[in-house]
Amino acid sequence: MNIDLNNIKPQDAEAVIVPVLLDSDKLATKDTAELLNRLKTKGKIKGEHGEVFSTMTASQDIIFIGLGKEELLNGEKVRIASAKAVKKARELKAKSLYVQLINSDKLCYGTIVKAMVEGLRFGDYKFDRYKTDKKEHTDLDICLGGVSEDKLKETEEYIKEANNISNATIIARNLVNEPSNVLYPETLAEEALEYGKQFGFDVEVFDELQIDELKMDAFLSVAEGSNKAPRLIVMRYFGNEDNKSEILGLVGKGLTYDSGGYSIKPTDGMVTMKSDMGGAAAVIGAMSAIANQKLKINVVAVVAACENMISGGAYKPGDIIGSMAGKTIEVLNTDAEGRLTLADAVYYIVEKEKASRVIDLATLTGAALIALGTTTTAVVTNDDAFYKELEAASAKSDEKVWQLPAFEDYKKMLKSDIADLKNIGGRHAGTITAGLFIGEFVQSKPWLHLDIAGTAWTDADKDYFSKGGTGAGVRTLYYLAKNTAKK
Ligand code: BES
Ligand code: MG
Ligand code: ZN
């Protein structure tokens, strides 16, 4: 998809998209103001947020999209309305669109432009690689129209940034949507190498022997049951050579498949478990966006990629395993595997990559879905100031986060009778104890744990998401990095 400025005249586009406010007519284009007036009088469109109404003129389709009351306008509403618009245009088989810019001083200009671009990009996303009879899904030509002369340059920059963020999000969605017979540790590593080359970050891949040399016992124990060999993927981007002691460490859970192992999942729970590398997808996407935008910041990302499977060599409930940190772990449930791989990954990023702060993202617990549903990411942290930074980034990305408590009582739930830790804390407070387990390995560095089990995947098309991977975390990580970066 190509989104540009002034590349198409409104009269030449196959479809014109006109935003409509509930309480005023000011967004209509010159040629559509009268039409909109008539439609409003007839009650065909009011301007409620989410409304879409299309009509045909002699030469083109006009698509009106409702935005609601101007004073209640926000980036998320713009994103959702823009996604609806592009879906409607597809339905009408239009290939070139003139999209009238939403002009409102109730919202920051950059927020509007970026949310429009993201909405258009996300709304048109489809994972159809494996459809042999692909319906026509040719590239759309989109013109963002109504941009004033003095804002052209600024607008171009916003479009570029939003396209970069959208590409990164779509990278993450694609990675999650790939099935596990295609995307496994080795091929995930190849993807990372490819994106590193394309966007400008270094990628180093460690094989099984090298992982063994690092003594990543917990990670290797999880990987043991699979015929697919594990990979440790390390991505490095040094955009701020002046201050090499500040390194943001990103860690993504990279279970390319989670069958549960001997604590096997029921089929219903297993079918979507190709998505158990949503954290890995998010950090690969974020690295792509950060490097491509050339942010002045140092970021290292680590993915301990493996599969959780069953075989004669697989780890078993009751096993006691080691870890890179030297702590011993009693495995009471092989389905609580993510925290084991992450324990070694966060320890590695602090010890070997010298990360000064760590953020891990993981599709870690079903309990996160029970607690917060599918719209909000659960967060556990050891540093409230760091959490505030996440909140600021989340305010920009419109990806919702919510902090869970991390009281000492919860840590006690992870004490084992016969080892240093056990890998489950019991039925209660599952998301918190899972997070705190990882926290035992971050060497007291400022740390944020994002449980994206609810947000990384959607079972149905919704707003600007289509069934499957959502790309959760990419935008928030990007903005957190951007806010931290030296200007
Ligand atoms: N990958 C799952 C968590 C998950 C569940 C992600 C649903 C997305 C949707 C994780 O490895 C897991 O199996 N967690 C267990 C932990 C339990 C055994 C303590 C869970 O949530 O049931
Ligand atoms: Mg599991
Ligand atoms: Zn898992």
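Up top is the structure.
Residues numbered from 1 in each chain as written. Chains lettered and ligands numbered in written order. Predicted model: local features only at pLDDT ≥ 70, side-chain atom pairs only at ≥ 80, totals over all residues. Heavy atoms only, no water.

Peer 1: Looking at this model, I keep getting lost on the overall build of the protein. Mind explaining?
Peer 2: A tally of regular secondary structure across the protein gives 15 helices and 19 strands. Along the first, second and third principal axes, the C-alpha set of the protein runs to 75 × 50 × 40 Å. Counting only contacts in the protein whose residues sit at least 6 apart along the sequence, the fraction spanning at least 24 positions is 77%. Within the structure as shown, the protein displays about 20,500 Å² of accessible surface, and the carbon and sulfur contribution to it stands at 48%. For the protein, the distance from the average position of its 61 positive side-chain charges to the average position of its 71 negative side-chain charges is 4 Å. (Helix = DSSP H or I, 4+ residues; strand = E, 2+ residues; numbered from the N terminus. Contact = heavy atoms within 4.5 Å. Areas by Shrake-Rupley, 256 points an atom, 1.4 Å probe, with all protein chains shown as cover. Lys, Arg positive; Asp, Glu negative; His and termini not counted. Charge placed at Lys NZ, Arg CZ, Asp CG, Glu CD.)

Peer 1: Just checking my understanding: could you explain the nonpolar core for this structure?
Peer 2: Of all hydrophobic cores here, the largest spans 56 residues; its most connected members are Met235 and Ile359. Beyond its immediate sequence surroundings of up to four residues, Ile359 is in contact with Leu248, Gly249, Leu250, Val251, Phe386, Leu448, Leu450, Leu477 and Leu480. (Core = buried A, V, L, I, M, F, W, Y, C linked by side-chain atoms within 4.5 Å. Buried < 20%, exposed > 50% of the residue type's maximum accessible area, 1.4 Å probe, protein only.)

Peer 1: For this particular structure, what's the right way to read the coordination of the magnesium ion (ligand 2)?
Peer 2: By definition of the ideal shapes, a tetrahedral metal site with four donors has angles of 109.5 degrees and an octahedral site with six donors has angles of 90 or 180 degrees. Around the magnesium ion (ligand 2), the protein contributes the donor atoms Asp258 (OD), Asp335 (O), Asp335 (OD) and Glu337 (OE), which lie 2.0 to 2.2 Å from the metal centre. Site description for the magnesium ion (ligand 2): donor spacing in sequence, D-x76-D-x1-E. In this structure the zinc ion (ligand 3) is found 3.2 Å away from the magnesium ion (ligand 2), and Asp258 serves as a bridging donor for the pair. Overall, Asp335 belongs to the partly exposed group, its relative accessible area being 22%. Given the relative accessible area of 0%, Glu337 is considered buried. (Donors = N, O, S within 2.8 Å, 3.2 Å for Na, K, Ca; no water.)

Peer 1: How do you make sense of a negative patch on the surface when you look at a structure like this?
Peer 2: Taken together, the side chains of Asp207, Glu208, Asp212, Glu213, Asp217 and Glu224 make up a negatively charged region of the molecular surface. Take the negative patch: its biggest share by element is three residues, from helix α6 (residues 208-213). Along the polypeptide, Asp207 turns up in the loop between β7 (202-206) and α6. (Patch = residues over 30% accessible without salt bridge, like charges linked within 9 Å, V, L, I, M, F, W, Y side chains within 5 Å. Salt bridge = Lys/Arg side-chain N within 4 Å of Asp/Glu carboxyl O.)

Peer 1: What is the right way to read the site of ligand 1 from this model?
Peer 2: Lining the immediate environment of ligand 1, one finds 16 residues, of which Asp258, Lys265, Asp335, Glu337 and Gly366 sit closest. Asp335 has a polar side-chain atom sitting 2.7 Å from an oxygen atom of ligand 1. Glu337 has a polar side-chain atom sitting 2.8 Å from an oxygen atom of ligand 1. In isolation ligand 1 exposes 510 Å². Once the protein is present, 76% of that is buried. Of all the secondary structure elements, the ones that give two or more residues to the shell around ligand 1 are β9 (248-258) and α11 (366-372). (Near = heavy atom within 4 Å. Polar contact = N/O pair within 3.5 Å; in protein donor to acceptor, adjacent residues only side chain to side chain.)

Peer 1: Looking at this structure, how should I read the packing of helix α3 (residues 109-123) against helix α15 (residues 474-484)?
Peer 2: Think of two packed helices as two axes; the pair is described by the angle between the axes and how far apart they sit. Two elements in contact, α3 and α15, have axes separated by 15 Å at closest approach and are oriented at 150 degrees. In terms of orientation, α3 and α15 fall into the roughly antiparallel class. Every pair of crossing elements has a handedness; the one defined by α3 and α15 is right-handed. Of α15, the residues touching α3 (which contributes Lys114, Glu118 and Phe122) are Arg475, Tyr479 and Lys482. For the contact of α3 with α15, the per-class residue count stands at two nonpolar, no polar and four charged. (Axes fitted to C-alpha atoms, helices over the stretch in contact; angles between N-to-C directions. Parallel < 35°, antiparallel > 145°, perpendicular 65-115°, else oblique. Left-handed = near helix turned anticlockwise from the far one by under 90°. Nonpolar A, V, L, I, M, F, W, Y, C, P; charged D, E, K, R; others polar.)

Peer 1: Just checking my understanding: could you explain helix α9 (residues 278-292) for this structure?
Peer 2: An α-helix turns once per 3.6 residues; consequently, residues spaced three or four apart project the same way. The terminal C-alpha atoms of α9 lie 21 Å apart, and with 15 residues this matches the ideal 21 Å at 1.5 Å per residue to within 8%. Within α9, 14 of the 15 residues are buried, which leaves it mostly tucked inside the rest of the structure. Looking one or two residues beyond α9, the residue adopting positive phi is Lys294, at roughly 55 degrees. (Expected span 1.5 Å × (residues − 1).)

Peer 1: Even after reading the chapter, I still don't get the environment of Asp207, so can you show me in this structure?
Peer 2: Accessibility expressed as a relative area gives 30% for Asp207, which makes it partly exposed. Taking the C-alpha atoms as reference, Asp207 lies 53 Å from Asn103; in sequence the two are 104 residues apart. Of note is the side chain of Asp207, whose polar atom sits 3.2 Å from the backbone nitrogen of Leu209.

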